[in-house]
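# Structure assessment
One-letter residues, chain by chain:
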Amino acid sequence: MDPRRSPDGSRRRLLAAGIGLAALSLLPGVARADQNWQTYKRRFIVDDRRVIDSGNNNVSHSESQGWGLLFAQSYDDKETFAKIWDWTSKSLQRGDGLFSWRWSPNTSDPVPDKNNAADGDILIAWALIRAAAKWNEPQWLAPAKRIQSAVLDRLAIESQGRLILLPGAQGFARGNRHVVNLSYYVWPALHDFAQQPGDQARWRRLESDGLWLVDNAAFGDYRLPPDWLLFGNQVLRVADDWKPYFGFDAIRIPLYLAWHNQASRLGRFLTAWRTPRFGGRPPAWIDLDTGAVAPYPSSGGYVAVSSVTQYVADGNKGSAPVATVGDDDDYYSASLKLLANLAGQEAPRAKRA
């Protein structure tokens with residue numbers, strides 16, 4: 001798996017399928033053309049199809065494809081959306097409906113590891129639902145439903161009285177304990193899934209039990225959640241096989257909480273970032289065991305996450321912060337900036353769990 005995920009390292013009528021769009025946390029109206037999107041496409045989307053991770057040998061992930069689909073939908077770029085989805089479904093989708101997590105341009109077999117990543121699966125399904133609503137294209141609902149069903153069937157498991165989300169179908173069981181990545185819980189997506197006909201009860205439970213995990217995963221001096229969490233025997237621990245960091249993955253936890261307008265859950269992140277030691281800027285990582293921090297600065301994407309976290313915590317007052325994607329941003333920083341911009345736009349309309 002990816003070194004980041006491995007031990008190493010307008011309101012519309014109802015669609016034919018019966019989805020009430022009032023239940024979806026979408027912005028009304030048509031998204032405006034935006035230079036950020038043009039810059040992002042130019043730098044990170046090959047042939048308007050494959051979103052590349054410029055910091056990781058130009059590989060593509062189910063995550064990057066999901067984010068690309070979300071951005072194309074948000075910026076009203078239907079043509080690019082269709083191309084990204086076509087490539088993703090043909091190149092990454094498995095027989096069970098989930099997606100292999102990584103595609104590499106530099107190997108004879110571009111998908112040597114067929115395991116999935118839950119966040120990529122969720123992001124892709126959510127983007128398809130949003131696109132079907134935005135452009136009145138119900139043909140995208142069937143593949144979204146297939147993915148959603150596969151997530152519930154393969155990745156949502158009972159553990160110690162909780163319904164938890166496995167990061168992938170294989171490799172995250174440790175006896176009667178399970179490894180969880182809280183940044184894979186895309187809260188506004190899970191909430192939207194729970195408003196649709198079908199498996200509302202299980203999605204609601206996955207959402208509520210996941211928020212319980214977030215609330216109780218508090219480690220180190222700053223009481224922050226780790227990139228990787230171990231849950232079992234009603235005990236939460238930092239997962240042994242990963243570094244004890246609030247870092248590259250975990251920065252997305254406050255981002256997705258802010259997007260879902262979970263203002264009451266954002267305070268500890270802001271408290272940590274406000275300490276004089278950090279000067280209001282999130283470190284690239286914090287060691288939750290020792291308190292050590294990365295010896296290098298965090299990216300502009302982290303600053304964008306911090307800004308939207310503060311905006312939501314303050315009650316969405318005034319104008320939402322808007323970050324600009326520049327040529328000095330790598331794929332991850334640029335993606336965080338666009339995600340934070342979307343979160344700031346959509347959070348005021350989000351329904352709290």
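Counting from 1, residues in each chain are numbered in the order their sequence is written. Selection of residues for local features in this predicted model requires a pLDDT of at least 70, selection of side-chain atom pairs for listing and counting requires 80 or more, and totals for whole chains, interfaces and linings are taken over all residues. Calculation of side-chain values draws on the structure's entire complement of heavy atoms; hydrogens and water are dropped beforehand.

## A word on the overall build of the protein
Helix and strand assignments follow DSSP, with helices taken as H or I runs no shorter than four residues and strands as E runs no shorter than two, numbered in order from the N terminus. Of regular secondary structure, the protein possesses eleven helices and twelve strands. Total accessible area on the protein is roughly 13200 Å²; 49% of this is exposed by carbon and sulfur atoms. The accessible surface values rely on the Shrake-Rupley method and a 1.4 Å probe; as for residues, cover is taken only from the protein chains in view.

## A word on the sheet that holds strand S7 (residues 173–174)
Only strands that DSSP links by at least two bridges are regarded as paired with each other. Read from one edge of the open sheet, four strands run S7-S8-S9-S10, paired in antiparallel fashion. In the strand order of this sheet, the two ends are held by S7 and strand S10 (235–238), each with one partner. As defined by bridge partners, S7 adjoins strand S8 (residues 177–180) across two bridges and the pair is classed as antiparallel. For Ala173, the partnering residue across the bridge sits in S8 and is His178.

## Points about the confidence of the model for the protein
Scored from 0 to 100, pLDDT reflects the predictor's confidence in each residue. On average, residues of the protein carry a pLDDT of 90, and 90% of them reach 70 or more. Only heavy atoms enter the contact rule, under which two residues are in contact if any of them lie within 4.5 Å. Counting interchain partners and residues more than four positions distant, the pLDDT-below-50 stretch residues 1–33 has 85 contacts.

## Some remarks on the pattern of salt bridges
Salt-bridge detection follows one rule: a side-chain nitrogen of Lys or Arg within 4 Å of a carboxyl oxygen of Asp or Glu. Taken as a whole, this structure holds 21 salt bridges when the rule is applied. Its salt-bridge partner being Arg42, residue Asp327 comes within 3.0 Å of it at the nearest N-O pair. Here Asp327 is found in the loop between helix H10 (300–313) and helix H11 (331–346), whereas its partner Arg42 is found in helix H1 (residues 35–44), with 285 residues between them in sequence. Under the relative-accessibility criterion, Arg42 is labelled exposed at 55%. When the shortest N-O distance is used, the salt bridge between Arg265 and Asp215 registers 2.8 Å. Placement of the pair is Arg265 in the loop between helix H8 (252–259) and helix H9 (267–274) and Asp215 in helix H7 (residues 200–216), with a sequence separation of 50 residues. Given the relative accessible area of 22%, Arg265 is considered partly exposed. Owing to a relative accessible area of 38%, Asp215 belongs among the partly exposed residues under this scheme. The network of salt bridges with common partners includes Glu63, Asp119, Asp249 and Arg252. Only protein chains enter the area calculation, which uses a 1.4 Å probe; residues under 20% of their type maximum are buried, those over 50% are exposed, and those in between are partly exposed.

## Observations concerning the packing of helix H2 (residues 62–74) against helix H3 (residues 78–91)
Comment: axis = line fitted to C-alpha atoms, over the contacting stretch for helices; angle = value between 0 and 180 degrees taken between N-to-C directions. Their axes nearest at 8 Å, the elements H2 and H3 cross at an angle of 160 degrees. When the axis of H2 is compared with that of H3, the two are roughly antiparallel. Considering how the two elements wind past one another, H2 and H3 form a crossing that is left-handed. Each of Gln65, Gly68, Leu69, Ala72 and Gln73 in H2 lies in contact with H3, whose residues at this interface are Thr80, Phe81, Ile84, Trp85, Trp87 and Thr88. The classification used treats Ala, Val, Leu, Ile, Met, Phe, Trp, Tyr, Cys and Pro as nonpolar, Asp, Glu, Lys and Arg as charged, and all other residues, Gly among them, as polar. A per-class count over the contact of H2 with H3 returns six nonpolar, five polar and no charged. Convention used here: angles under 35 degrees read as roughly parallel, angles over 145 as roughly antiparallel, angles from 65 to 115 as roughly perpendicular, and any remaining angle as oblique. In a left-handed crossing the near helix is turned counterclockwise from the far helix by less than a right angle, and in a right-handed crossing that turn is clockwise.

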